[in-house]
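# Report on the structure
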Amino acid sequence: MANPSIYHATATAPVNIAVIKYWGKASTKLNTPTNSSLSVTLSQDDLRTITTASCSASFESDALWLNGAPHDVNNARSQACFAELRALRQAKEDKDSSLPPLSTYKLHLISENNFPTAAGLASSAAGFAAFVRAIADLYELDESPTELSRIARQGSGSACRSLFGGYVAWEKGSREDGHDSLAVQVAPESHWPTMRAAVLVISDAKKGVSSTTGMQATVATSSLFPNRANVVVPARMEAMKKAIAEKDFETFAELTMADSNSFHAVCLDTIPPIFYMNDTSRAAVRVVEEINRSAGKKVAAYTFDAGPNAVIYYDEANQDIVLGTLKKATAATPGWSDKYAHIAAAVPEGFNEVFLEPLAGGVSRVILTGVGSGPLKVPKEDALIDEQGNPRP
Ligand code: DP6
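Every chain is numbered on its own, with residues counted from 1 as its sequence reads. With the structure being a predicted model, the display of local features is reserved for residues of pLDDT at least 70 and the display and counting of side-chain atom pairs for 80 or more, all residues being used for whole-chain, interface and lining totals. Heavy atoms throughout the structure, all of them, feed into the side-chain values; hydrogens and water do not.

## Observations regarding the domain arrangement of the chain
The start and end points of each domain follow an automatic or database-based domain assignment. Taken domain by domain, the chain holds domain 1 (7-191 + 375-382) and domain 2 (195-370). Summarising the inter-unit geometry, the C-alpha centres of domain 1 and domain 2 are found 26 Å apart. Two residues qualify as a contact provided that any one of their heavy atoms is within 4.5 Å of a heavy atom in the partner residue. Across the contact, 33 residues belong to domain 1 and 45 residues belong to domain 2. Two parts placed together each lose some accessible area under a 1.4 Å probe, and the buried area is that loss summed for both. Taken together, the two surfaces of domain 1 and domain 2 that pack against each other cover about 3,300 Å², and 69% of this comes from carbon and sulfur. We define a salt bridge as a contact between a side-chain nitrogen of Lys or Arg and a carboxyl oxygen of Asp or Glu at a distance within 4 Å. Counting across the interface, domain 1 meets domain 2 through two salt bridges. For Glu171, the salt bridge goes to Lys241, with nearest N and O atoms at 2.7 Å.

Now the structure itself:
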């Protein structure tokens, strides 16, 4: 970098897909949830956000570019993250006057996803996690990922879970000020490295009702919702932690599918009702149920976020059955790279093939990935900025 007065750091952050869903805010101001949630972090080889955070006395305003286009940062969420990170940096500078006063400089953030934004693929989670991680690295903060998760949560709830790899819980907390509403790692990716995920991209269009709006409507109007938040989810959180500790895929699958269905049920129970799943999503449910029925045990688990895309978890041990069936339905779809050439497009014995056709036409891409690591540091020379602190061409 020719201009020495531009400071910068770059980090990547992963997507996470919840198996026990966050849906409902206890406080919209603090962005605290009505229930705890738990997710699997997906590999950054396939899905990640990379963000360069830079600051300089020469920058005139805070700015953000996402996939090359300028984005507003004057929203309450981004501002809350900036303010908290600057306060932590300021505290460091107060203790050590030899440090450059980065907390007083404007920030330029340049961010790129390797997957479609707002497709229900948790882009806000990876986005805010990378945003917070990159600024924390720029400011040389010593805070732990759990402490940083408190900040990322204010950007987007699910983002707090993307500060870790592996299996991650967001504990809702009980304090009025939200201070104990934090993410913790339940198990690292090395504990259960054979967890795989097949993402069926059913639509990469921007979603209709945003999670933020949808969940507030659910909390306000669904009569099923209090039972989900107060009774069903707390029990499932404990059962899910145990299933992960024991690498018990059948229980993991049962809980994952039940919780996705419960989440979409409270959406349907919202007034007016919210529909995220479509006919192709339901076809994916039927295919997974039929795989499990014909296999005689649960070898695959579907889950859907606030959009129609299916995420299907499976253990590598059952790759031939699960991917074989998905390949049979979607072999012509982009995403079946050479890496999967050895998987025979075949269904398990006794599988009723009538379920395949409704899925076949509706999937635009498959992303075959697995459990992965938390945010990673990127070397200085790979920063996304040019010498003026703008996006590198
Ligand atoms: C269905 O984290 O996007 O993906 O906090 O309002 O930004 P905000 O919501 P967001 O909601 C995610 C909802 C979900 C379930 C989950 O990831 O747990």
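## Thoughts on the pattern of salt bridges
Taken as a whole, this structure holds 15 salt bridges when the rule is applied. Between Glu93 and Arg89 there is a salt bridge whose closest N-O contact spans 2.6 Å. Pair noted here: Glu93 and Arg89 are both in helix H1 (residues 76-95), with a separation of four residues, about one helical turn. With respect to burial, Glu93 and Arg89 carry one shared label: buried. As a salt-bridge pair, Lys241 and Glu238 come within 4.0 Å of each other at their nearest N and O atoms. Here Lys241 pairs with Glu238, and both are found in helix H5 (residues 225-245), just three residues apart, close to one helical turn. Because the salt bridges share partners, they merge into one network encompassing Glu171, Glu238 and Lys241. What counts as a helix is a DSSP run of H or I of at least four residues, what counts as a strand is a run of E of at least two, and both are numbered from the N terminus. Whether a residue is buried, partly exposed or exposed follows from its accessible area with a 1.4 Å probe, protein chains only, as a fraction of its type maximum: under 20%, in between, or over 50%, in that order.

## Notes on H1
Expected helix span is taken as 1.5 Å per residue step, with the number of steps being one fewer than the number of residues. The end-to-end C-alpha distance of H1, which contains 20 residues, comes to 29 Å, matching closely the 28 Å that a straight helix rising 1.5 Å per residue would cover. Residues of H1 that are buried: Ser78, Cys81, Phe82, Leu85, Arg86, Arg89 and Glu93. Each buried residue of H1 lies within a common arc of 120° when the element is viewed along its axis, so the set occupies one face. Among the exposed residues of H1, those pointing more than 90 degrees away from its buried face are Ala76, Asp94 and Lys95. On the buried face of H1, the contacting elements are strand E9 (106-113), helix H2 (123-138) and helix H3 (145-155). Starting at the helix axis, one direction is taken to each C-beta atom, and the arc is that of these directions.

## With respect to the nonpolar core
Note on terminology: a nonpolar core comprises buried Ala, Val, Leu, Ile, Met, Phe, Trp, Tyr and Cys residues joined through side-chain atoms within 4.5 Å. Judged by nonpolar contacts, the single largest core of 64 residues is most densely connected at Leu200, Phe252, Tyr313 and Leu326. Of the domains in this structure, domain 1 (7-191 + 375-382) and domain 2 (195-370) are the two that each give at least three residues to this core. Counting 46 residues, the second largest nonpolar core, distinct from the first, contains Leu141, Ile151, Trp170 and Met215.

## With respect to the site of the ligand
Of all residues adjacent to the ligand, which total 18 residues, the nearest are Tyr22, Lys25, Ser156, Ser158 and Thr212. What qualifies as a polar contact is a pair of N or O atoms within 3.5 Å, subject to a donor-acceptor requirement within protein and to the restriction that residues adjacent in sequence count only when both atoms come from side chains. Arg77 places a polar side-chain atom, nitrogen or oxygen, 2.8 Å from an oxygen atom of the ligand. Residue-level accessible areas treat just the shown protein chains as cover; the underlying method is Shrake-Rupley with a 1.4 Å probe. Protein contacts shield 94% of the accessible area of the ligand, which totals 460 Å² for the unbound molecule. Considering every element that reaches the shell around the ligand, the biggest residue donor is helix H4 (residues 211-221), with three residues. Counted by class, the shell around the ligand contains six nonpolar, seven polar and five charged residues. The residue makeup of the shell around the ligand includes at least three contributed by each of domain 1 (7-191 + 375-382) and domain 2 (195-370). If even one non-hydrogen atom of a residue comes within 4 Å of a molecule or strand, that residue is called near it. Three classes are used: nonpolar for Ala, Val, Leu, Ile, Met, Phe, Trp, Tyr, Cys and Pro, charged for Asp, Glu, Lys and Arg, and polar for all others, with Gly counted as polar.

## Some points on the side chain of Ser156
If you trace the backbone, Ser156 turns up in the loop between H3 and strand E10 (167-171). Not counting chain neighbours up to four residues away, the residues in contact with Ser156 comprise Asn31, Arg77, Ser124 and Phe128.

## Focus on the side chain of Thr270
With respect to the helices, strands and loops of the structure, Thr270 is situated in the loop between helix H6 (249-268) and helix H7 (279-295). Within the local environment of Thr270, its side chain forms a polar contact with the side chain of Thr218, the two groups lying 2.8 Å apart. Not counting residues within four places of it along the chain, the set of residues in contact with Thr270 comprises Ala217, Thr218, Thr221 and Ser222.

## Some thoughts on the layout of surface pockets
Estimated volume of the second largest pocket: approximately 280 Å³. Lining the second largest pocket are 18 residues, and of these Ala9, Asp137, Leu138, Glu140 and Lys380 lie nearest its centre. Secondary-structure elements contributing two or more residues to the lining of the second largest pocket are strand E1 (7-14), H2 and strand E16 (376-378). A class-by-class count of the residues in the lining of the second largest pocket yields 10 nonpolar, two polar and six charged. Put plainly, a pocket is an open set of points on a 1 Å grid over the protein atoms alone with protein on both sides within 12 Å along at least five of seven lines, a cavity is a set where a 1.4 Å probe fits but cannot get out, and a lining residue has an atom within 4 Å of a point. Grid points are joined across faces, edges and corners, and a volume is the space filled by probe spheres set on the points.

## Some details on the state of the cysteines
Note on terminology: disulfide denotes any pair of cysteine sulfur atoms within 2.5 Å. Enumeration according to the criterion identifies zero disulfides in this entry. Take Cys81: it sits in no disulfide, and the sulfur closest to it among the cysteines is that of Cys160, at 11 Å.

## Focus on unusual backbone geometry
Residue Pro272 is bonded to the preceding Ile271 through a cis peptide linkage, with omega at -10°. Examined against the element boundaries, Pro272 turns out to sit in the loop between H6 and H7. Even without a glycine there, the phi angle at Glu140 is positive, about 50°. With respect to the element layout, Glu140 can be found in the loop between H2 and H3. One non-glycine residue, Lys247, lies in the positive phi region at around 50°. What makes Lys247 partly exposed here is its relative accessible area of 44%.

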